[in-house]
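# Tertiary structure, described
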Amino acid sequence: MARSRVNMMATNACAFDIRIRCFCNVGRLDLADILIRCFCNVGRLDLAFAAFGLFLRTGWRVQNVVLNQLIKGLCDGKRTGDAMDMVFRRMPELGYTPDVFSYNALIKGLCAEKKSQEALELLLHMTANGGYNCSPDVVSYNIVIDGLFKEGEVDKAYFLFHEMPGQGFPPDLVTYSSVIDGLCKAQAMDKAEASLQQMLYKGVMPNTRPYNSLIHGYCSLGQLVEAVRLLKKMSGGGLQLNVVTYNMLIDYYCKIGRCAEARSIFDSMVRRGQKPNATTYCSLLHGYATKGALVDMHDLLDLMIRDEMRQNGLRPNLVS
DNA sequence: ATAGGGTTAG
């Protein structure tokens with residue numbers, strides 16, 4: 001729903017109220033659900049809760065998914081405390097039972113607020129059936145592992161990753177991707193490589209993401225030979241370099257001052273049908289600017305503007 | 001369209 005439409009409804013509380021009541025009266029609760037989701041998506045939690053309040057007063061029971069949308073909305077608005085209150089107090093009061101989506105939204109909210117330790121405790125309580133009557137799933141683990149890595153709690157994250165199989169949750173593609181990325185950022189390249197081998201051995205087929213993490217790790221360490229080895233391994237596995245792979249390589253060559261090579265990677269990327277994005281142009285332009293290669297810069301800007309006019313996608317103001 | 005992972009610049 002367009003923001004303007006939401007705002008219009010906000011400024012016309014009466015019409016809004018009538019519309020909600022209409023949805024209820026004709027039994028189209030699904031439409032009302034959609035309305036609440038829209039309010040959450042555009043960050044108008046006030047309206048979402050107003051609609052929810054009307055439901056409650058009208059006596060309609062909504063599906064759990066509606067409450068989960070509200071929980072997610074609170075978390076997106078950095079109001080994890082309120083979201084916790086919703087899950088642990090309000091929902092039971094209203095006769096709703098939080099499900100794994102409710103808890104995962106909370107776990108994600110906690111991690112987003114850099115409280116992955118609390119998220120971990122919540123996960124462990126769920127695992128131990130600490131009165132929540134809801135088991136975690138592989139997604140719960142994935143969120144916490146990623147949060148721990150991003151907060152630098154590498155050991156804890158790695159430990160939790162190893163706990164998963166014993167709890168009945170074999171790591172999946174997303175788990176391995178997070179673990180490999182976290183280990184690469186911690187410069188634990190050997191462990192990251194071992195994790196890639198493990199996922200191949202377990203039959204979890206990698207896509208470009210874990211390879212990109214490894215390539216980025218080696219580029220950051222200045223180990224181009226290793227990065228190229230991974231590129232070959234990736235191609236050998238039938239995977240094509242995507243825009244992110246190319247962006248990392250272009251950025252690497254620009255950063256070590258070899259803009260001509262960065263440009264030839266850019267050209268081969270275009271030849272192979274991969275569309276450069278704003279990041280691509282940013283890296284290359286930054287490289288040219290650092291070298292003072294104003295002519296190259298100007299040419300690339302020209303190319304970029306022509307590209308922009310052709311597909312109407314990029315915003316040139318990103319680099320102005 | 002109920003949940004999870006990778007790149008740049010500032």
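Everything quoted here is computed from the prediction, not taken from an experiment.

Oppositely charged side chains can form a pair if their charged atoms are brought close together. If you walk through the whole model with that rule in mind, you get 15 salt bridges. Notably, a salt bridge pairs arginine 229 with glutamate 193, separated by 2.6 Å at the nearest N-O pair. Of this pair, arginine 229 sits in helix 14 (residues 224-236) while glutamate 193 sits in helix 12 (residues 189-201), placing them 36 residues apart in sequence. Note that arginine 263 is salt-bridged to aspartate 267, the shortest N-O span being 3.2 Å. Of this pair, arginine 263 and aspartate 267 both sit in helix 16 (residues 259-271), four residues apart, which is roughly one turn of the helix. The partly exposed category is assigned to arginine 263, whose relative accessible area is 22%.

Before going further, it helps to examine the protein's contact with DNA strand B. Inspection of the region around DNA strand B gives 37 residues, with Asp137, Asn142, Ser177, Asn212 and Asn242 positioned closest. Considering the 4 Å shell around the protein, atoms of DNA strand B inside it are sugar or phosphate in 42% of instances. Taking arginine 37, its side chain carries an N or O atom lying 3.0 Å from a phosphate oxygen of DNA strand B. Between DNA strand B and histidine 216, the relevant distance is 3.3 Å, taken from a phosphate oxygen to a side-chain nitrogen or oxygen of the residue. Of all elements in the fold, only helix 5 (64-76), helix 7 (100-112), helix 9 (138-150), helix 11 (173-185), helix 13 (208-220), helix 15 (243-255) and helix 17 (278-291) reach the threshold of two or more residues within the surface near DNA strand B. For the surface near DNA strand B, the per-class residue count stands at ten nonpolar, 16 polar and eleven charged.

A few words now on helix 5. End to end, helix 5 covers 18 Å across 13 residues, agreeing with the expected 18 Å (1.5 Å per residue, within 8%). By the criterion of burial, helix 5 is predominantly enclosed, with ten of the 13 residues buried. Downstream of helix 5 by a residue or two, lysine 78 has a phi angle that is positive, lying close to 55°.

Let's shift gears to the packing of helix 4 (residues 45-58) against helix 5. Contact geometry for helix 4 and helix 5: axes closest at 11 Å, N-to-C directions at 155°. Of the possible angle classes, the one that applies to helix 4 and helix 5 is roughly antiparallel. Viewed along their axes, helix 4 and helix 5 form a crossing whose handedness is left-handed. In this structure, helix 4 uses Leu45, Ala48, Phe49 and Phe52 to contact helix 5, whose residues at the interface are Leu67, Leu70, Gly73 and Leu74.

Let us now look at the nonpolar core. If you look at the biggest cluster of nonpolar residues, it comprises 89 residues, and the most contacted ones within it are Ile36 and Ile215. Per-element tally for this core: the top contributor is helix 15, with eight residues. Beyond its immediate stretch of four places on either side in the chain, isoleucine 36 contacts Ala48, Ala51, Phe52, Phe55, Val66 and Leu70.

Here we take up the side chain of aspartate 181. If you trace the backbone, aspartate 181 turns up in helix 11. Among the polar contacts made by the side chain of aspartate 181, one reaches the side chain of lysine 185 at a distance of 2.8 Å.

On to the environment of isoleucine 36. By the secondary structure assignment, isoleucine 36 is in helix 3 (residues 29-41). Since its relative accessible area comes to 1%, isoleucine 36 is described here as buried. C-alpha separation for the pair isoleucine 36 and valine 174, spaced 138 residues apart in sequence, amounts to 29 Å.

Turning our attention to the UniProt feature "repeat: PPR" (unreviewed entry) in chain A. When the UniProt feature table is mapped onto this chain, "repeat: PPR" (unreviewed entry) is found at residues 63-98, 99-133, 137-171, 172-206, 207-241, 242-276 and 277-316. The annotated region residues 99-133 carries 71% helix and 0% strand content, and the separation between its end C-alpha atoms amounts to 9 Å.

What follows is about the packing of aromatic side chains. Going through the model one piece at a time under the given rule, you end up with eight aromatic pairs. Judged by centre distance (5.7 Å) and plane angle (80°), the rings of phenylalanine 161 and tyrosine 176 are edge-to-face. Of the two residues, phenylalanine 161 sits in helix 10 (residues 154-163) while tyrosine 176 sits in helix 11, which places them 15 residues apart along the sequence. Taking the centre distance of 5.7 Å and the plane angle of 65° together, the rings of phenylalanine 266 and tyrosine 281 count as edge-to-face. Separated by 15 residues along the polypeptide, phenylalanine 266 in helix 16 and tyrosine 281 in helix 17 bring together distant segments of the chain. Look at tyrosine 281 and you get buried, because its relative accessible area is 1%. Here a set of aromatic residues connected by ring pairs shows up, and it is made of Phe88, Tyr103 and Tyr132. Arginine 61 extends its terminal NZ or CZ atom over the ring of tyrosine 96, reaching a point 4.1 Å from the ring centre.

On to unusual backbone geometry. Although it is not a glycine, lysine 78 adopts a positive phi angle of roughly 55°. Mapped onto the elements of the fold, lysine 78 is located in the loop between helix 5 and helix 6 (80-93). In this structure, glutamine 187 takes a positive phi of about 60° despite not being glycine. Along the chain, glutamine 187 turns up in the loop between helix 11 and helix 12. Since its relative accessible area comes to 56%, glutamine 187 is described here as exposed.

What counts, and where the lines are drawn
Residues numbered from 1 in each chain as written. Chains lettered and ligands numbered in written order. Predicted model: local features only at pLDDT ≥ 70, side-chain atom pairs only at ≥ 80, totals over all residues. Heavy atoms only, no water. Salt bridge = Lys/Arg side-chain N within 4 Å of Asp/Glu carboxyl O. Helix = DSSP H or I, 4+ residues; strand = E, 2+ residues; numbered from the N terminus. Buried < 20%, exposed > 50% of the residue type's maximum accessible area, 1.4 Å probe, protein only. Near = heavy atom within 4 Å. Polar contact = N/O pair within 3.5 Å; in protein donor to acceptor, adjacent residues only side chain to side chain. Nonpolar A, V, L, I, M, F, W, Y, C, P; charged D, E, K, R; others polar. Expected span 1.5 Å × (residues − 1). Axes fitted to C-alpha atoms, helices over the stretch in contact; angles between N-to-C directions. Parallel < 35°, antiparallel > 145°, perpendicular 65-115°, else oblique. Left-handed = near helix turned anticlockwise from the far one by under 90°. Contact = heavy atoms within 4.5 Å. Core = buried A, V, L, I, M, F, W, Y, C linked by side-chain atoms within 4.5 Å. UniProt positions renumbered as here; feature names shortened; annotations may be inferred. Phe/Tyr/Trp six-rings, centres within 6.5 Å; stacked < 30°, edge-to-face > 60°. Lys NZ or Arg CZ within 6 Å of the ring centre and 35° of its normal.

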